[in-house]
Structure formats: structure tokens, C-alpha cells
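An overview of the molecular structure
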Amino acid sequence: MLVTLLLLVGVSSTLALDNGLALTPPMGWLTWERFRCITDCKKYPNECISEDLIKRTADIMVSEGYLDAGYEYLGIDDCWLEKKRGPDGRMVPDKERFPSGMKALADYIHSKGLKFGMYEDYGNLTCAGYPGVLGNERLDIETFVEWEIDYLKLDGCYIQPENMDAGYPAFGQMLNDTGRSILYSCSWPAYQEDAKMLPDYASIAQHCNMWRNWDDIEDSWASMTKIMNWFGDNQDRLAKHAGPGHWNDPDMLLIGNFGLTIDQARVQMAVWSILAAPLLMSVDLATIRPEFKEILLNKDIIAVNQDPLGKQGLRVWKKTERGARSRLEVWRRELQGDALALAFVSQRDDGIPYAANFTSSEMNVQDGLYEVHDLYKDEGVRHWNSEEDFEVRINPSGVKFYKLIRKPSADVVVKSKTDSDSAMSEAVVYTMLNKS
Ligand SMILES: *[C@@H]1O[C@H](CO)[C@@H](O)[C@H](O)[C@H]1NC(C)=O
Ligand SMILES: *[C@@H]1O[C@H](CO)[C@@H](O)[C@H](O)[C@H]1NC(C)=O
Ligand SMILES: *[C@@H]1O[C@H](CO)[C@@H](O)[C@H](O)[C@H]1NC(C)=O
């Protein structure tokens, strides 16, 4: 048994991409969801894809604590290029919006202690119609290395999904050949899922640090839950391919933009953390409201997302049919140190917080005594015996997000040895609860 286990561990680690990057899900900021392809800097000076936007974001990521919280990659998505390559065949950044060029921008980003993310497309054109890399792969990778990028998102417009199984690995090998550590984000399975092909996730995990599985996220609860539901429905073929160095990517965080309420934003942060998803903000950090900023900077939730075990969590319970507890779901992720994260999500819209009980088997929780921490800190710490029902009360389109720490029975002995009254009474509670 032990031998089999060791063999499995050995096999899975040799088959996954091993470039030393993304040992926990990548965290950062990316232009696309909020800023799309705004190129008119006269009309929209604060929103256009430009070096000003990137430098301003770099400054705030550092001064407002985002970098300290773990958000280290600062990435430009589509729409940074001139429509035509230069006379030497090289990619040319838009001359008006990036007047100092990409190397200077990289230097600025690096001087702040951040890492530089860039975007290209494996096809003839990017999705927004700028030059893609096809036919110029070597030259473009050389150019990116000269610019000292740290992260590359390679999109998949204007190329056949059938060509990706060979193309994406070949491109990844060329990246590796340069000797520069560049995190490789692939859109490979997203286009294959869209074409109703079954992506070879084992191969994808072997060649990419992260990969977009499915639809682009849009700024609404409807879009977010559609993606969340899809990840739950398809978890059996997705989750097992995630781990240190290689992650499924349900797409950017909408938090702080127009479409999500505070409760809905809390759902995204919770479920994306259960999913061990990359945490890529896409929001104007200069104008974000403090209550959304607080969600993005929640250290306990980020710790769940970044848990070193790197195990993607699962939706372990849900009820879609009518009746009691309908449209509730339970998401569960194993954490290091005999701990679990549990997100109770409500997709209900009736006008009161909805109270419900769950059994330990519905929550897929091992028997025992637990210390329960509300990661959004609305409730104090509670103690729970898995023989009892677990009661939650969830806002409409909201979440209750807990970390459960299993108490070893030895704890009871240790605590009862202390003299303090509070420790004694705690020990008594434990002993009473521990009747089995
Ligand atoms: C290239 O691939 C090898 C083998 O997987 C790996 O050890 C090395 O770290 C990679 N180098 C870079 C720069 O990605
Ligand atoms: C890419 O462009 C070349 C040259 O114009 C063309 O032959 C080829 O069919 C295009 N490929 C795709 C996938 O559109
Ligand atoms: C949950 O269970 C407790 C204890 O049995 C009970 O007091 C409470 O009313 C239940 N809550 C709901 C919402 O059913």
C-alpha cells in the first residue's frame, strides 16, 4: 500500500510542469476584465491600456498593501500592440500608449518588487485583432526575454483547437530553452472545451503553470455562478490535475467592479480560494471601495487559497430542486495541519438570510471536535462536535466561509492540566462533547 502510494506520488510529480514557478496559485492583477480593449486615452485617460495605467497600478499595489498580501504579478492583457509588426518582424508596443517601451515598463515594475505579466496569442491574431505569434514564435519569445517578462498568458484565438495539443507544449519548450523563468498561462483547454473536445488535462498540467478551462468571466453574478457551477459539475475530471506548479483557472476576480454586491464578491473570493484558483484582480485600484478592498486583502482567506498542500477543493453537497435547503451548496478544501475550509454558498434570492443545518457527512467532515473560525469574522470562534448538526445562516447570494481545525484528543488532557478557569471550562466542554 505504502509502496503504491510512493509510486503514485513519484509519477505525478514527474509528469507535472516543474519550472519552479507557481508552487501556490499565482496572485496578481490583470487588465482584461475591467479595462478590456480601451485604447482611446484622450477620451478615457484613466482606463486606456497604457503604461500610465500599469505604473499607477504598480504604485498602488505596493503602497496599499496588495503586494504584501501576495499579489505580485502585474499583467497586461490584449490590446498593447501596434497593428503591424516592425520592419525587423518584431512585435511593436503601441507607440502612443507605451511611449517608453516595454523594457522600461518592466524595469519600473521590477523596481517596485513586482513581476511583469504579458499577453500574446498562439494564432495569427490576438482575440482583439493584433498580431499573434504564429510563425514568429522564436522571435517573439526572444523579444519577451529581452523585455524581461515573468509571466506569459498565451491565448488561443485564430488557431485551430486541434493544433493546440502539439502547439502549446512546443511553445512551452521554447520558453524553457531561453533559461528565463516565465510563468506559462495557457488558454489551450478553454478553446477545446468550447469546441466540445475533451482536453488532455494530464498533458496540459505537464506543460503549463495554469490554464483557462472555460468561458471568459463577465461582470455579473450570472456569469460568475455559471463558471462556478461549471467547475462544480466538471470537478471529477478537473480537480485532480491541479497541484503545486499547475492550476485550473476559472478566470479573473470581479471584486470591486460594477456587477457584484459585497455578499456576491465574498462568494467569489471564497469559492476561488476553495478551487485553488489563481487570484487575479482586475479592478481600478485607485477607486476601489474599501469594503471590496477588504475582501481582496483578507489574509485568512488568502491563506486558504495559498495553502501549501495545493489540493483543489470540491463542491461536496448541493441541492438544486425545490424545497428546504434548495439552491444551497457546500464547498470543501483540505488544508495542511488537519484543517479544512468549508464554504456554504447560497444561490437563493428570497429576502432573508437563510438558516440551515448540515450533517458532518453532508459536509464530508471526519468525526471529531473542531474549532470553527469564520473567515469573514462576522461570528466568533465556536467549537463543534461532528455528531451535532452544523448550523449556518447565509445571506441571499452570499456565503459563510469557515476554517475548521480538528482538535486532537490530547488537547483535552493538556488543557485540563492548566489552572486557569477559562482553560478548565474549555476542557470541560471538550470532555463533555467528546462523549463518544
Ligand atoms: C526547464 O525545464 C526543466 C525540466 O523540467 C526544469 O528543471 C527547468 O527549471 C526549466 N527551466 C526554466 C527556465 O523554465
Ligand atoms: C494564418 O495566416 C496564414 C497566412 O496568411 C494562413 O495561410 C493561415 O491559414 C492562417 N492560419 C489560421 C489558423 O488562420
Ligand atoms: C438546527 O439544529 C438545531 C439543534 O438541533 C436546532 O435548534 C435548530 O433550530 C436547527 N436549525 C434549523 C435552521 O433547522
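Just so you know, the residues in each chain are numbered from 1, in the order the chain's sequence is written. Numbering of ligands from 1 and lettering of chains from A proceed in the order in which they are written. With the structure being a predicted model, the display of local features is reserved for residues of pLDDT at least 70 and the display and counting of side-chain atom pairs for 80 or more, all residues being used for whole-chain, interface and lining totals. As a rule here, side-chain values come from all non-hydrogen atoms in the structure, and water together with hydrogens is ignored.

Any residue with a heavy atom positioned within 4 Å of a molecule or strand is treated as near that molecule or strand. If you check the shell around ligand 3, you find Ala355, Ala356, Asn357 and Glu391 and nothing else. In protein, a polar contact means a hydrogen-donor-capable atom and an acceptor-capable atom, both N or O and within 3.5 Å, with residues adjacent in sequence counting only if both atoms are side-chain atoms; elsewhere, any N or O pair within 3.5 Å suffices. Residue Asn357 places a side-chain N or O atom 2.4 Å away from an oxygen atom belonging to ligand 3. In this structure, a nitrogen atom belonging to ligand 3 sits 2.9 Å away from a side-chain N or O atom of Glu391. Coverage of ligand 3 by the protein chains reaches 36% of its 370 Å² of free accessible surface. When grouped by side-chain class, the residues that make up the shell around ligand 3 number two nonpolar, one polar and one charged. Residue-level accessible areas treat just the shown protein chains as cover; the underlying method is Shrake-Rupley with a 1.4 Å probe. Gly falls in the polar group here, along with every residue not listed as nonpolar (Ala, Val, Leu, Ile, Met, Phe, Trp, Tyr, Cys, Pro) or charged (Asp, Glu, Lys, Arg).

With that out of the way, let us pick up helix α10 (residues 221-233). An α-helix turns once every 3.6 residues. As a result, residues three or four positions apart point the same way. Under the DSSP-based scheme used, a helix requires at least four consecutive residues in state H or I and a strand at least two consecutive residues in state E, with every element numbered from the N terminus. Multiplying 1.5 Å by the residue count of a helix minus one yields the expected span of that helix. Along its 13 residues, α10 runs 18 Å from first to last C-alpha, staying within 8% of the 18 Å computed at 1.5 Å per residue. The rule is simple: take the accessible area with a 1.4 Å probe, protein chains only, and divide by the maximum for that residue type; under 20% is buried, over 50% is exposed, in between is partly exposed. When α10 is considered as a whole, its buried residues turn out to be Trp221, Ser223, Met224, Thr225, Ile227, Met228, Trp230, Phe231 and Gly232.

What follows concerns helix α7 (residues 164-177). Its 14 residues place the ends of α7 19 Å apart at the C-alpha level, agreeing with the 20 Å of an ideal helix rising 1.5 Å per residue. Buried residues of α7: Met164, Gly167, Tyr168, Pro169, Phe171, Gly172, Met174 and Leu175, and no others.

Before going further, it helps to spend a moment on the sheet that holds strand β1 (residues 27-30). For two strands to count as paired, DSSP must find a minimum of two bridges between them. With parallel pairing, the eight strands of this open sheet are ordered in space as β7-β6-β5-β4-β3-β2-β1-β8. The open sheet has two edge strands with one neighbour each: β7 (247-249) and β8 (279-281). Geometrically, the sheet is characterised by an average inter-axis angle of 25° between neighbouring strands, direction not taken into account. When strand β3 (residues 115-121) meets strand β4 (residues 151-155), the two strands line up parallel, connected through five bridges. Looking at the pairing, Met118 lines up with Leu152 of β4. Should any heavy atoms of two residues lie within 4.5 Å, those residues are considered in contact. Here an axis means a line fitted to C-alpha atoms, over the contact stretch when the element is a helix, while the angle between two N-to-C directions is reported on a 0 to 180 degree scale. The sheet contacts of helix α5 (residues 102-111) involve β2 (73-75) and β3, and relative to β3 the element is tilted by about 145°.

This paragraph deals with the domain arrangement of the protein. Throughout, the edges of the domains are those of an automatic or database domain assignment. You can read the domains of the protein as domain 1 (2-305) and domain 2 (314-406). Between domain 1 and domain 2, the C-alpha centre-to-centre distance is 30 Å. Residue-level contacts link 25 residues of domain 1 with 24 residues of domain 2. In total, domain 1 and domain 2 occlude about 2100 Å² of area from one another, counting both sides; carbon and sulfur atoms represent 59% of this. Reported buried area values correspond to the accessible surface (1.4 Å probe) lost by two parts on association, with both partners' losses combined. When the buried area of domain 1 at its contact with domain 2 is split by residue, Arg266, Ile274 and Val304 rank highest and sum to 30% of it. The rule for a salt bridge is simple: a side-chain nitrogen of Lys or Arg has to be within 4 Å of a carboxyl oxygen of Asp or Glu. If you look at where domain 1 meets domain 2, you find three salt bridges.

Let us now look at the nonpolar core. The biggest cluster of nonpolar side chains holds 108 residues, and the ones touching the most others in it are Tyr71, Trp80, Met269 and Phe401. Counting residues per element, this core draws most heavily on helix α12 (residues 262-274), at seven residues. Formed jointly, this core draws a minimum of three residues from each of two domains, domain 1 (2-305) and domain 2 (314-406). The residues touching Trp80, leaving out its near neighbours within four places in the chain, are Met91, Pro93, Asp94, Arg97, Phe98, Met102, Met118, Tyr119, Glu120, Phe144 and Trp147. Take the buried Ala, Val, Leu, Ile, Met, Phe, Trp, Tyr and Cys residues and link them wherever side-chain atoms come within 4.5 Å; each set so joined is a nonpolar core. In this structure, Trp317, Leu342, Phe390 and Ile394 belong to the second largest nonpolar core, which totals 19 residues.

Burial runs high along β3: six of the seven residues are buried. Across three bridges, the pairing between β2 and β3 is parallel. Across the sheet, residue Gly75 finds its bridge partner in β3, namely Gly117. Considered for its hand, the β-α-β crossover made up of β2, α5 and β3 is right-handed. The handedness rule is simple: strands pointing away from the viewer, and a clockwise path from the first strand over the helix to the second, make the crossover right-handed. In the classification by handedness, the crossover that spans β3, the intervening helix α6 (residues 137-147) and the parallel β4 is right-handed.

Now for the packing of helix α3 (residues 51-63) against α5. Contact geometry of α3 with α5 gives a least axis separation of 10 Å together with a crossing angle of 10°. Classified by the interaxial angle, the pair formed by α3 and α5 is roughly parallel. The segment α3 lies against α5, with Glu51, Ile54, Lys55, Ala58 and Asp59 engaging Leu105, Tyr108 and Ile109. Of the residues contributing to the contact of α3 with α5, the split by class is five nonpolar, no polar and three charged. If an angle is under 35 degrees, it is roughly parallel; if it is over 145, roughly antiparallel; if it lies from 65 to 115, roughly perpendicular; otherwise it is oblique.

Only one face of strand β12 (residues 354-358) is covered, namely the face carrying Tyr354, Ala356 and Phe358; the face carrying Ala355 and Asn357 is uncovered. The pairing of β12 with strand β15 (residues 390-394) spans five bridges and is classified as antiparallel. If you follow Ala356 over to β15, its bridge partner there is Val392.

Moving on, we get to the sheet that holds strand β11 (residues 339-346). The strand order β9-β10-β11-β16-β13-β14 describes an open sheet built from six strands, whose pairing is antiparallel. Sheet topology places β9 (314-319) and β14 (382-385) at the edges, where each strand pairs with a single neighbour. Averaged over all neighbouring strand pairs, the angle between strand axes comes to 25°, with direction disregarded. The sheet contact formed by strand β10 (residues 328-335) and β11 spans eight bridges and is antiparallel. Bridging across to β11, Leu328 finds its partner in Ser346.

For the rest of this paragraph, the subject is the environment of Arg56. Along the chain, the position of Arg56 falls in helix α3. Relative accessible area serves as the criterion here: at 24%, Arg56 is assigned to the partly exposed category. Sequence-wise, Arg56 and Lys84 are 28 residues apart; in three dimensions their C-alpha atoms are separated by 27 Å. Beyond its immediate sequence surroundings of up to four residues, Arg56 is in contact with Asn46, Asp284 and Ala286.

It is worth spelling out unusual backbone geometry at this point. Positive phi, close to 55°, is recorded for Asp338, a residue that is not glycine. On the secondary structure map, Asp338 appears in the loop between β10 and β11. For Asn364, which is not glycine, the phi torsion reads 55° and is therefore positive. Position of Asn364 among the secondary structure elements: in the loop between β12 and β13 (369-374).

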